[in-house]
Amino acid sequence: MSSLVNPGRVRVPRQAPSAIERARLALVPTRTVRAPRAPFAVLVALLLGAGVVGLLMFNTHMQQASFYATSLQQRADALAAKRQALEMEVARLRDPQQLAAAGRKLGMVVPPVPAFIDLRTGKISGIPTPATSEDTMRITSLPAGLPEEFNKKPRYIKLPPPPAGNSVQTQADDGPASAGGTPAGGRNNSATAR
Amino acid sequence: MSATAHPGERTFGEDAGIRGWVATMRRHLDRPLTPYYLLLGATALLLAIGLVMVLSASSVDGFEKHGNSYYWALKQLMWVVVAFPCAWVATKIPLRTLRFLAWPGLLVAVVMLALTQTGLGVEVNGNKNWLGLGPFQVQPSEVAKFAMVLWCADVYARKDKLLGSWWHLMIPVIPVAGLITGLVLVGGDLGTALVMFAITLGMLWVIGVPARLFVGAVSLVSVAALYLAASSDERLNRITSFADPFKDFQSSGWQAGHGILGMASGGLFGKGIGASQQKWGNLPEAHTDFIFAVLGEELGLAGTLLVLVLFLTIAYAGLRVAMQAENLFVRYATAGIVIWLTAHAIINIGMVLALLPVIGIPLPLVSYGGSSLVPELVALGLVIGFARSEPNAAGELRRRRSARKTQRAVNAGAVPRRWS
Amino acid sequence: MRLRVGLIVIAMVLSVFGVRLVQLQGLDPKAYAARADAAGLVKLPLPATRGEITDRNGVPLAESVSGLMIFADPQRTRPNAEKIARILANRLELDYFDVLDALRKSNGAGKPDLRFAYVARRVPEATALAAVAAVKKAGFQGVDTRPDPVRFYPAKDVGANLLGFLGADGKPLAGLEMMFEKQLAGKDGSESYEVGGGNRIPLGENTEVKPVNGKDLTLTIDRDVQFYAQRVLRTTVQNSRAESGAAIAIDTKTGDILALADYPSYDANDAGAAPKADRGSRALSNVYEPGSVEKVLTTSALIDAGKVTPRTRIRVPANLPIGSDVINDYFEHSLIKLTLAGVIAKSSNIGTVLATRQFKPEQLWGYLDKFGLGHRAGIGLAGETRGLLPKPADWTELTQATISFGQGLSVNALQMATAINAVANGGELISPSLIKGRATTGSGVEVGSDVATRHRVISPQAASAAAKMMEMVVTQGAGTAPGAGIPGYRVAGKTGTAQQVGKTCKCYDGSLAVSFAGFAPADDPRFTVYVVIQKPKNGGSGGGTAGPVFRKVMSYLLQKYAVPPTNTPPAALPVEW
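Because the structure is a prediction, the values reported are computed rather than measured.

**Points about the overall build of chain B**
Each helix and strand counted, chain B has 16 helices and 3 strands in total. Intrachain contacts of chain B at a sequence separation of at least 6 include 68% that bridge at least 24 residues. When the accessible surface of chain B is totalled, it reaches about 18,200 Å², and 66% of it is carbon and sulfur.

**Considerations on the overall build of chain A**
When helices and strands are tallied, chain A shows 3 helices and 2 strands. Starting at the N terminus, the α and β elements of chain A follow one another as α-α-α-β-β. Per-residue burial for chain A yields a buried fraction of 13% across its 194 residues. Relative to all contacts within chain A whose residues are 6 or more apart in sequence, the contacts with residues 24 or more apart total 37%. Surface exposure of chain A reaches about 15,200 Å², of which carbon and sulfur atoms provide 65%.

**Points about the packing of helix H3 (residues 34-66) of chain B against helix H13 (residues 291-324) of chain B**
Residues and elements named next belong to chain B. One way to put it is that H3 packs onto H13 with a least axis distance of 9 Å and a crossing angle of 155 degrees. When the interaxial angle is binned, H3 and H13 end up roughly antiparallel. The element H3 and its partner H13 pack so that their crossing is left-handed. For the contact of H3 with H13, the residue count by class is 22 nonpolar, 7 polar and 2 charged.

**A closer look at the confidence of the model for chain B**
Averaged over every residue, the pLDDT of chain B is 83; the share at 70 or more is 88%. Overall, residues 1-14 of chain B carries pLDDT values under 50, and its contacts beyond four positions in sequence, including any with other chains, amount to 12 contacts.

**Structural notes on the pairing of strand E16 (residues 325-328) of chain C**
Both faces of the sheet carry side chains from a regular strand, because those side chains alternate between them. All names here are of chain C. By the bridge criterion, 4 bridges tie strand E15 (residues 319-322) to E16 in an arrangement that is antiparallel. If you follow proline 321 over to E16, its bridge partner there is valine 326. Remark: 2 residues form the turn of the hairpin made by E15 and E16, two consecutive strands paired antiparallel; glycine 323 in that turn has positive phi of roughly 60 degrees.

**Re the environment of proline 60 of chain C**
Within the secondary structure layout, proline 60 of chain C lies in strand E3 (residues 60-65). The class of proline 60 of chain C is buried, set by a relative accessible area of 15%. In sequence terms proline 60 of chain C and alanine 155 of chain C are 95 residues apart; their C-alpha atoms lie 8.5 Å from each other. With near-sequence residues (within four places) excluded, proline 60 of chain C lies in contact with Arg94 of chain A together with Glu52, Ile53, Thr54 and Pro154 of chain C.

**Topic: the environment of alanine 48 of chain C**
All names here are of chain C. Summarising the element assignment, alanine 48 is placed in the loop between strand E1 (41-46) and strand E2 (53-54). On the basis of relative accessible area, alanine 48 is assigned to the buried category, the value being 9%. Spatially, the C-alpha atoms of alanine 48 and leucine 184 are 9.7 Å apart, while their sequence positions differ by 136 residues. Not counting residues up to four positions away in its chain, the partners in contact with alanine 48 are Pro149, Ala185, Gly186, Lys187, Asp188, Pro211, Val212 and Asn213.

**Digging into the sheet that holds strand E23 (residues 508-520) of chain C**
Residues and elements named next belong to chain C. Read from one edge to the other, the open sheet built from 5 strands follows the order E13-E12-E24-E23-E22, with strand pairing classed as antiparallel. The open sheet has two edge strands, strand E13 (257-263) and strand E22 (492-501), and neither has a second partner. Averaged over all neighbouring strand pairs, the angle between strand axes comes to 10 degrees, with direction disregarded. Direction of pairing for E23 relative to strand E24 (residues 527-534): antiparallel, over a ladder of 8 bridges. If you follow alanine 520 over to E24, its bridge partner there is phenylalanine 527. Sitting on the sheet, helix H10 (residues 223-239) is in contact with strand E12 (244-251), E13 and E24, with an inclination near 30 degrees to E13. The sheet contacts of helix H19 (residues 542-560) involve E12, E13, E22, E23 and E24, and relative to E23 the element is tilted by about 25 degrees.

**Topic: the sheet that holds E2 of chain C**
Residues and elements named next belong to chain C. Taken together, 4 strands build an open sheet; the order of strands is E7-E3-E2-E11 and the sheet is mixed. Two strands bound the open sheet, and with one partner strand each, they are strand E7 (150-152) and strand E11 (217-218). Inspection of the sheet shows E2 paired to E3 by 2 bridges, in the antiparallel sense. Bridge pairing in E3 places threonine 54 opposite proline 60.

**Topic: the pattern of salt bridges**
All names here are of chain C. Applying the stated criterion across every chain, the model contains 28 salt bridges over all chains. A salt bridge links glutamate 446 to arginine 438; the nearest nitrogen and oxygen atoms lie 3.4 Å apart. Residue classification places glutamate 446 among the partly exposed residues on the basis of a relative accessible area of 39%.

**Observations concerning the packing of aromatic side chains**
The final tally for this structure, using the stated rule, is 16 aromatic pairs over all chains. Each ring, one from phenylalanine 67 of chain A and one from tryptophan 280 of chain B, has its centre 5.6 Å from the other, and the planes form 25 degrees; the classification is stacked. With phenylalanine 67 of chain A in helix H2 (residues 37-94) and tryptophan 280 of chain B in the loop between helix H12 (254-266) and H13, this residue pair bridges two chains. What makes phenylalanine 67 of chain A buried here is its relative accessible area of 13%. Using a relative accessible area of 2% as the deciding quantity, one classes tryptophan 280 of chain B as buried. A network of ring pairs unites the aromatic residues Phe67 of chain A together with Phe63 and Trp280 of chain B as a single cluster. Arginine 2 of chain C extends its terminal NZ or CZ atom over the ring of tryptophan 205 of chain B, reaching a point 4.2 Å from the ring centre. Against the face of tyrosine 367 of chain C rests lysine 370 of chain C, its NZ or CZ located 5.7 Å from the ring centre.

**Points about a positive patch on the surface**
All names here are of chain B. A cluster of basic side chains, namely Lys92, Arg398, Arg401, Arg404, Lys405 and Arg408, defines a positive patch on the protein surface. Among the elements that line the positive patch, the one with the most residues is helix H16 (residues 391-412), at 5 residues. As for its position among the elements, arginine 408 is in helix H16. Note on arginine 408: relative accessible area 54%, which makes it exposed.

**Some remarks on the interface of chain C and chain A**
With 61 residues of chain C in contact, the opposing surface of chain A contributes 48 residues. The interface formed by chain C and chain A includes 1 salt bridge. With a shortest N-O distance of 3.4 Å, lysine 156 of chain C and aspartate 95 of chain A are connected by a salt bridge. Applying the counting criterion to the chain C and chain A interface returns 9 residue pairs in polar contact (both at pLDDT 80 or more). At the level of elements, E3, helix H4 (81-92), helix H5 (96-103), strand E5 (117-123), strand E9 (199-200), H10 and H19 of chain C are the ones that each hand at least two residues to the side of chain C that touches chain A. It is H10 of chain C that contributes the most residues to the side of chain C that touches chain A, 9 residues altogether. For the side of chain C that touches chain A, a count of residues per class yields 34 nonpolar, 11 polar and 16 charged.

**With respect to H2 of chain A**
An ideal rise of 1.5 Å per residue puts 86 Å on 58 residues; H2 of chain A measures up with 83 Å between its terminal C-alpha atoms. Inspection of H2 of chain A places Leu56, Asn59, Thr60, Gln63, Ser66, Phe67, Ala81, Gln84 and Ala91 of chain A among the buried residues, and these make up the whole buried set.

**Things to note about the side chain of glutamine 415 of chain C**
Residue and element names in this part refer to chain C. With respect to the helices and strands, glutamine 415 occurs in helix H17 (residues 413-424). Classification of glutamine 415 as buried rests on a relative accessible area of 4%. Not counting residues within four places of it along the chain, the set of residues in contact with glutamine 415 comprises Gly372, Leu373, Gly374, His375, Arg376, Thr385, Arg386 and Gly387.

**Examining the side chain of glutamate 142 of chain B**
Residue and element names in this part refer to chain B. If you trace the backbone, glutamate 142 turns up in helix H6 (residues 140-158). Classification of glutamate 142 by relative accessible area gives buried; the value is 1%. A polar side-chain atom of glutamate 142 sits 3.3 Å from a polar atom in the side chain of lysine 145. Excluding anything up to four places from it in sequence, glutamate 142 contacts Trp340, His344, Pro362, Ser371, Ser372, Pro375 and Glu376.

**With respect to unusual backbone geometry**
All names here are of chain C. The linkage connecting tyrosine 263 with the following residue, proline 264, adopts the cis geometry, with an omega of 5 degrees. Among the structural elements, proline 264 can be located in the loop between E13 and helix H11 (282-285). With an omega of -15 degrees, the peptide bond running from alanine 520 to proline 521 counts as cis. Tracing the chain through its elements places proline 521 in the loop between E23 and E24.

Cut-offs used in this document
- Residues numbered from 1 in each chain as written.
- Chains lettered and ligands numbered in written order.
- Predicted model: local features only at pLDDT ≥ 70, side-chain atom pairs only at ≥ 80, totals over all residues.
- Heavy atoms only, no water.
- Helix = DSSP H or I, 4+ residues; strand = E, 2+ residues; numbered from the N terminus.
- Contact = heavy atoms within 4.5 Å.
- Areas by Shrake-Rupley, 256 points an atom, 1.4 Å probe, with all protein chains shown as cover.
- Buried < 20%, exposed > 50% of the residue type's maximum accessible area, 1.4 Å probe, protein only.
- Axes fitted to C-alpha atoms, helices over the stretch in contact; angles between N-to-C directions.
- Parallel < 35°, antiparallel > 145°, perpendicular 65-115°, else oblique.
- Left-handed = near helix turned anticlockwise from the far one by under 90°.
- Nonpolar A, V, L, I, M, F, W, Y, C, P; charged D, E, K, R; others polar.
- pLDDT = per-residue confidence, 0-100.
- Pairing = 2+ DSSP bridges.
- Salt bridge = Lys/Arg side-chain N within 4 Å of Asp/Glu carboxyl O.
- Phe/Tyr/Trp six-rings, centres within 6.5 Å; stacked < 30°, edge-to-face > 60°.
- Lys NZ or Arg CZ within 6 Å of the ring centre and 35° of its normal.
- Patch = residues over 30% accessible without salt bridge, like charges linked within 9 Å, V, L, I, M, F, W, Y side chains within 5 Å.
- Lys, Arg positive; Asp, Glu negative; His and termini not counted.
- Charge placed at Lys NZ, Arg CZ, Asp CG, Glu CD.
- Polar contact = N/O pair within 3.5 Å; in protein donor to acceptor, adjacent residues only side chain to side chain.
- Expected span 1.5 Å × (residues − 1).

See the structure below:
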């Protein structure tokens, strides 16, 4: 408290330093110490409270951002899946087998003899030879024997006898989509899904 | 006792030893206005903690279900805004008016309870104890507890001279309490019924019923509660899994188990406000019944002990008001309110700590829920009012007011601002 | 008084709570806290995207498409595990009990279930999404998907014998996929985060190690040529009821392998369905006796050594006894008078043997060695064979005689194609490349067109002379394979019909390897094509069976790469005198 005294505002006569000291001590009223405590405590409490609430609101905002990020991520995933599907479609259409089959459908064959026209001069190089039906090429494979897959041994699993009255429900749980109707337990052809 | 840890005043030359400190505490506690300040401070703090925790615990649920993180917190804030004027009025209400209002209040409560079993009733979590009123849902049992406390207090205060006889002790309080508790039980709310039973029992204790009555009553109700618990599978599961929630962690021990996990992961000082993991959907009822678990996770041991201390403070200050009260109604009503609130707190915290079975009782002032918050705040308003009007306290208040006026006059004049 | 007792009771109860709190949060929070973390922590891999394998023009031959892994959160799936498992097992064609185990996976008895367990990996996106949607629709939760790239071979069998494939666990099992695993695979990342009720907690523990994606591998293969070669080859092998076949097209000037077709082949998307023997490349692994195509190497070596010219006159008797054995030509003739060009055009064994008598064994061996016979080409695939070129010290007169026309030594198809390409390329042998640019195999060998080696085997004059002689092979009336010629173009070629050693009797059992090697345009070669058909059962010959394959592939190449005819007069060497 004593340091609060501003020397600029107090006139200090050089010859009487002890008088100043006395005056300073005498000026501090003991009873006023009490007064500033309550407001200060309230201020600190308010600041603390505001800090806590602010932090909480920040966290809450982070939560919202997280939810938003999740939904955006899902959208991005869906779009990526769509893009992928389109790319796969392009790849399927670009598959030479596909093109060859399409060409075949239109009655096209690979020319037996290459020949070129120079578009500037109109000169033909090579011997233009019309394609004949003999130039067709088989693009599909001859049917082969049964692949290994069909000769796999079935896997047998012992099931406890189902409790009475429960057996009817097993098929219905998958809804209409399981119309394939194979009982789930006995399957063993896992190759496609792994 | 945080409120007393910062004594408002200090005299020079004080003895620094423990004995001196205890003596100072005593002196401060014995001041006439101490209960008033304690009640005011503890209530305000709990309410503030409650609001913050409701926001923290409900933000995920609110955002997911209602698209707004602040959905529940704003509703709770609205309830606080509604409750404040009511509580303020309660601090000022004259005793005669209050005692008169207790009777129609009880009637309204009974009618509302009865209505929950009609078409207006709404079922929540297997208990049909809510009443749909337009956009709001209220739980009449919360109002009923309050009304019952006031009414009992009034009846026993009137019968003061007649309480020697069993007849007057029982009639009309026991049948009416029985009716209300029965109505609550019909709704399927075992927890609230237990609280009501506790309130009735507590009131009887306070007015001085012989101890042997309690032994009888407690055994009777234990049998009834056991029967009721065993009669519903869901209830039985919830009750039996409390001892070790991890035994059947996946189903019946789920809620209590996650409560414990949350509390434990909080540690000494918690994960920080808003950082709870359990509130992300694992812990059902995070912002209502299990808010204490979220509080424990985010604020740690420091936070949970603070809440315990605040409830103890309310109990201490409230019971002191009751002890000092000259008026019998004031004594009984205050005691009843304290019993009511502490019973809630004890059941709720005990449940979260897995020391009691899971029964849906919210934590007073902290949990989300307007229909419990409003009656609780009004009740505390009443107690605060009683504390203020206690003769010594009233005198002290008057003296201060005049002192402040003088001080203001002094500040305005002679003393420079810098010194104040 | 009673109030005081009440206060004491309340204080006592709250103290008990306080003690419990201190015990729970203050003294041993670790036990439960670890449990809380385990209950909320999800750890899952972030698979790296495998690099593409593309053809020389960047068209993908093997690519990774976004498949999905299906995983369960056993904490949420356990209550309904049976029903969920039924749906998933049906949809994904998985074993019901495997799925059930995944849905109930726990840390051990009595502990909380895990938060993450695989149900299936690398499931095609549509299938996976439909399966998970079916689970959600049925009202169950806790099954979700994550990106998990699937290897996809868009052109199915095109190049499959080179590319290889991945096993069910995603590890490569064959081909380039296996050899360049290091480059293609990349490095999987991982991610762990806390969840509560299915939501990711933003402020919780959160680590992510980003995956490092694999690098692409570019081949010298031209997908279209590869496809066409495979189809032509398949048709021919099937029509001639042969055992197998291979066709190789090489860019003459660079040694780039434009097509390396094998039959039988398989669909790389479903490698499991094919017999194991068909999954590799027979063009690289299968050794056989090359037969008359080898005469090109012998005669060009003789010309390079100055021993003969294409016009050298040779009297060819009806047969040629050597010791107890007799060498015959494939066609009946009395004494005929052929030039060296005639010996090649008519593919006379006797003529070749007689001309080769001017060489000492070491000389012939030296040339054949420089032509790459008996050496691995090293294009970066496992299973490449060395072939067998006997050491000259072990040669008898008969050995030298048979080796001169391509019997008694064994090669693989790529070696033969490379050797012929050296003739096409003016006598300079280029090591063939399958990888464009460069890449390092798993065993640390750097391969690719950037590191291709070249060395001279014969002089350009000798090569040119050999090419002219080979032109006579496809010349109508003069040679053995007029059907291999392409009207308008100068084509050099050589047929081969070699007897093969049977597996059981270790002797020539009458089975054949018919082949055709050639390049065009003969005076400025751009492409070398080599075709071999193993064990045709319709009595096929090099000219009749392999020749048309050569012609089709070669004319496709000329057309695709727009190589016009050179319009120079064709070679007109005398074949007889």
